[in-house]
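The chain contents come next:
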Amino acid sequence: MLFRSWRGTVTGVLEATIGAMEKLGAKRERIAAAAGERLVADYADLYALTEAQLSGLERMGQKSAAKVVANIARSRENELWRLLFGLGIRHIGERASHVLASALGSMDAVAGASREQLEAIPEIGPVLAESVCLWVTQPANQHLLARLRTAGVNMTATAAERAAAAPTGPLTGRTYVLTGTFDSLSRDDRSEEHTSEL
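We now turn to the structure provided with this report. Note that the structure is predicted; figures quoted are calculated from it, not measured.

Rules used in this analysis
Residues numbered from 1 in each chain as written. Predicted model: local features only at pLDDT ≥ 70, side-chain atom pairs only at ≥ 80, totals over all residues. Heavy atoms only, no water. Salt bridge = Lys/Arg side-chain N within 4 Å of Asp/Glu carboxyl O. Helix = DSSP H or I, 4+ residues; strand = E, 2+ residues; numbered from the N terminus. Core = buried A, V, L, I, M, F, W, Y, C linked by side-chain atoms within 4.5 Å. Buried < 20%, exposed > 50% of the residue type's maximum accessible area, 1.4 Å probe, protein only. Expected span 1.5 Å × (residues − 1). Arc of directions from axis to C-beta. Contact = heavy atoms within 4.5 Å.

### Here we look at the pattern of salt bridges
- The final tally for this structure, using the stated rule, is five salt bridges.
- With its nearest N and O atoms 2.8 Å apart, the salt bridge here joins arginine 95 to glutamate 123. Placement of arginine 95 in helix H6 (residues 94-104) and of glutamate 123 in the loop between helix H8 (115-119) and helix H9 (126-137) is noted, with a sequence separation of 28 residues between them.
- For the salt bridge of glutamate 130 with arginine 115, the shortest nitrogen-to-oxygen distance reads 2.6 Å. On the criterion of sequence distance, the pair formed by glutamate 130 in helix H9 and arginine 115 in helix H8 is long-range, its members being 15 residues apart.

And the structure:
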């Protein structure tokens, strides 16, 4: 499977949804409780949650339930790159998500791009192109995207977002590889820090 595994837990979905699609205002254990109650099985199910369903969960009051539902609703308007990153496509981190969103502008364009078209995008080589192509051809993933679209999740990048994501600067076009371990930041955070300096 090329997307973050659900496998009876919410670890993958939470990392993607809270980390990439922005904070939902819900603690992990609260969404975990929803998963335990069979309320959610994948990303798209989050957008069908209601206050009534959540308020009935252990340690989830009406006020907390309302906050979770409101924050999930707001996440529909997040940028395209957050959706791409949140899907958990293998090898597609924050930087690659920015690059794809900027270069192609919509989820439909990403899903419809050939391997050759993806490889032609600066910073997207054959490995990343292969991962995207494999992911979008899986029927389960196609169904997931259709459900997210029906739920009203944003699947396009604005002109401003595309322009902002385009790299400019004296180091543009150079490739850097981060290796080893970092004490204070994750690899994605460190990569984002370096990217912002370009």
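### Regarding the nonpolar core
- Core analysis: the biggest nonpolar cluster contains 43 residues, and Leu83, Leu87, Leu100, Met107, Leu118, Ile124 and Leu148 have the highest contact counts within it.
- Going through the elements one at a time, helix H4 (62-74), helix H5 (80-86), H6, helix H7 (107-112), H9 and helix H10 (139-150) are the ones with two or more residues in this core.
- Of all the elements, H9 adds the most residues to this core, at six residues.

### Digging into H6
- Among the eleven residues in H6, nine count as buried, and that is most of the element.
- All of the buried residues in H6 are Glu94, Arg95, Ala96, Ser97, His98, Val99, Leu100, Ala101 and Ser102.
- Glycine 105, located one to two residues past H6, shows a positive phi value of around 85°.

### A short note on H10
- Look at H10: 16 Å from first C-alpha to last across twelve residues, which is about the 16 Å you get at 1.5 Å a residue.
- For H10, the complete set of buried residues consists of Asn141, Leu144, Leu145 and Leu148. Burial along H10 is one-sided: seen end-on, the buried residues are contained in an arc of 95°. With respect to the buried face of H10, the exposed residues turned more than 90 degrees away are Pro139, His143 and Thr150.
- Close packing links the buried residues of H10 with H5, H7 and H9.
- Within two residues after H10, glycine 152 carries a phi angle of roughly 90°, on the positive side.

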